[in-house]
Structure formats: structure tokens, C-alpha cells
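Residues per chain, in single letters:
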Amino acid sequence: EIYTLSLHDALPISIHAEWQLRPFFGVTFAGSTTFFDLEQAADNPNLVVGFNSVLLGELIGFDADLGYAPGFFQGGGQHLVTRSSATTLTGNVVVALPRRLTEFTLRPYFVGGAGFMQARINDPSKVLGVSSTLPAVDLGGGVTGFLSDRIGVSWDVRHFRSFGGKARGLSFGREQLSFWRANMALVFRY
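Residues numbered from 1 in each chain as written. Predicted model: local features only at pLDDT ≥ 70, side-chain atom pairs only at ≥ 80, totals over all residues. Heavy atoms only, no water.

This part is about the overall build of the protein chain. A count of helices and strands for the protein chain gives one helix and eight strands. Along its sequence from the N terminus, the protein chain presents helices and strands in the succession α-β-β-β-β-β-β-β-β. Each of the three principal axes of the protein chain carries a C-alpha extent, and together these read 85 × 35 × 20 Å. For the protein chain, the residues scored as buried account for 41% of the 190 residues in total. If you sum the accessible surface of the protein chain, you get close to 10500 Å²; carbon and sulfur atoms cover 66% of it. (Helix = DSSP H or I, 4+ residues; strand = E, 2+ residues; numbered from the N terminus. Buried < 20%, exposed > 50% of the residue type's maximum accessible area, 1.4 Å probe, protein only. Areas by Shrake-Rupley, 256 points an atom, 1.4 Å probe, with all protein chains shown as cover.)

Strand pairing in a sheet takes place through backbone hydrogen bonds and is either antiparallel or parallel in direction. Taking strand neighbours around the barrel as the criterion, the eight strands line up as 1-2-3-4-5-6-7-8 in a closed arrangement whose pairing is antiparallel. Within the sheet, the average angular offset between the axes of one strand and its neighbour, ignoring direction, is 25 degrees. Pairing of strand 4 (residues 83–96) with strand 5 (residues 107–122), which is carried by 14 bridges, proceeds in the antiparallel orientation. Within strand 5, the residue paired with Val 94 across the bridge is Val 111. (Pairing = 2+ DSSP bridges. Axes fitted to C-alpha atoms, helices over the stretch in contact; angles between N-to-C directions.)

A separate point is the environment of Trp 19. Following the sequence through the fold, Trp 19 ends up in strand 1 (residues 18–33). Between the C-alpha atom of Trp 19 and that of Phe 188, which follows or precedes it by 169 residues, the distance is 8.1 Å. Those residues in contact with Trp 19, other than ones at most four positions away along the chain, are Ser 53, Val 54, Leu 55, Phe 188, Arg 189 and Tyr 190. (Contact = heavy atoms within 4.5 Å.)

Here we take up the pairing of strand 1. As judged from the 11 bridges shared by strand 1 and strand 2 (residues 46–56), these two strands associate in the antiparallel manner. The residue bridging Glu 18 from the neighbouring strand is Leu 56, located in strand 2. When strand 1 meets strand 8 (residues 177–189), the two strands line up antiparallel, connected through 10 bridges. Bridging from a neighbouring strand, Phe 25 pairs with Met 184 of strand 8.

Let us now look at the side chain of Asp 138. Within the secondary structure, Asp 138 sits in strand 6 (residues 130–146). There is a polar contact of 3.4 Å between the side chain of Asp 138 and the side chain of Arg 158. Setting aside chain neighbours within four positions, we find Asp 138 in contact with Thr 90, Asn 92, Val 111, Gly 112, Gly 113, Ala 114, Arg 158, His 159 and Phe 160. (Polar contact = N/O pair within 3.5 Å; in protein donor to acceptor, adjacent residues only side chain to side chain.)

We now examine the nonpolar core. Residues Phe 35, Phe 72, Phe 73, Met 117, Ile 121, Leu 177 and Phe 179 are the most contacted members of the largest nonpolar core, which totals 17 residues. Of all the secondary-structure elements, those providing two or more residues to this core are strand 5, strand 6 and strand 8. For Leu 177, the residues in contact, after removing those within four places along its chain, are Ser 32, Thr 33, Phe 35, Phe 72, Phe 73, Ala 86, Met 117, Ala 119, Phe 160, Arg 161 and Ser 162. In terms of nonpolar packing, the next biggest core, distinct from the first, is built from six residues, Val 54, Leu 56, Ala 96 and Val 111 among them. (Core = buried A, V, L, I, M, F, W, Y, C linked by side-chain atoms within 4.5 Å.)

Shown next as C-alpha cells:
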């Protein structure tokens, strides 16, 4: 008789990865920028919507995150800016508490990575407008809890910061933008 041993049989815990799709909404806050911020609004709270997708194993995973904050550089009724936004697109590594330890409770995780951040500012005169895409990093964490086998909720806080911006005419020094984002997501697990 011939006996075969597979890798699955040799490991004490089976390798299991899950996909999580997370549409979210939240708020940006504590922003700062070197862009010529006509309405001084970058540090004001602002609505953000987005989506992230996570492939998560027992401990380590990967996350792709897209966030869009319309009106990021607009505040109050000053009307010095007609349209503005801050958009982030990052790829991240996720480190989570092992799933077997958090089966029936909240599962905390840390996330960090890099990608791009885009700042757009349109003014009525079309002279002081900005459209700049910058490399960026993000770092944060959150918790996820499931209401059923497939549907859950996630709360997440991340800090986004651009780096390596150029010194152009519409910024004070090198172009920079940073802010915090807190969001809540509906989670679909596959």
C-alpha cells in the first residue's frame, strides 16, 4: 500500500483565506495642506465615501482601498471654490488577530500601505485651480464583527499622508496633503 501525505494534512490548521467587500461612508478630519486652500477648509470634517476589498487569511492579508471626499477644500458659504475633492487609492498589508480567536466577537486589525492621493480645487476665476496626484502612505486599524456567516460591520480609522510633492506656484513649499479618515463599512464575506 502507498501512503501519500499532502501539505494540507501536514499543517495543524488549515489554510483559509476569505474575501471581504466593504462599501463605506465616513468622515475626514484634522487635515493639513500646503496647497493654497482658499476657504481654509482642509482641516474641517468632511464626508467621505468609498470601497475596499480585503483578502484575509488567518493572520495576514491584503487590502485595496479607494476613498473619495467631495468638497474637501470647501467650507461654509464663502463660495471661493466651486468644486473640490480629495481621493485616495492605496494597497495595504493587513495584520489581524487570528480568526480562530475571534470567531464570535470583534476582530481587530492593523493596516498600512502606500498608493496615491489626488487633490482637486476649482475656483470661479480658473486661475487658482489645483489638480495634483501625489504618492501617499496610510496607516491605521479597525475592528470587524459579523452578524451572520456572510454579513458584518467594520469600523476603521486611517491616517493618509502624501510625500515627495513638487514645489509649484499654487502651494506653500512642496505640495503636501494629510488627513485622518474614520469610517464604517458594511462587510460582505465570501
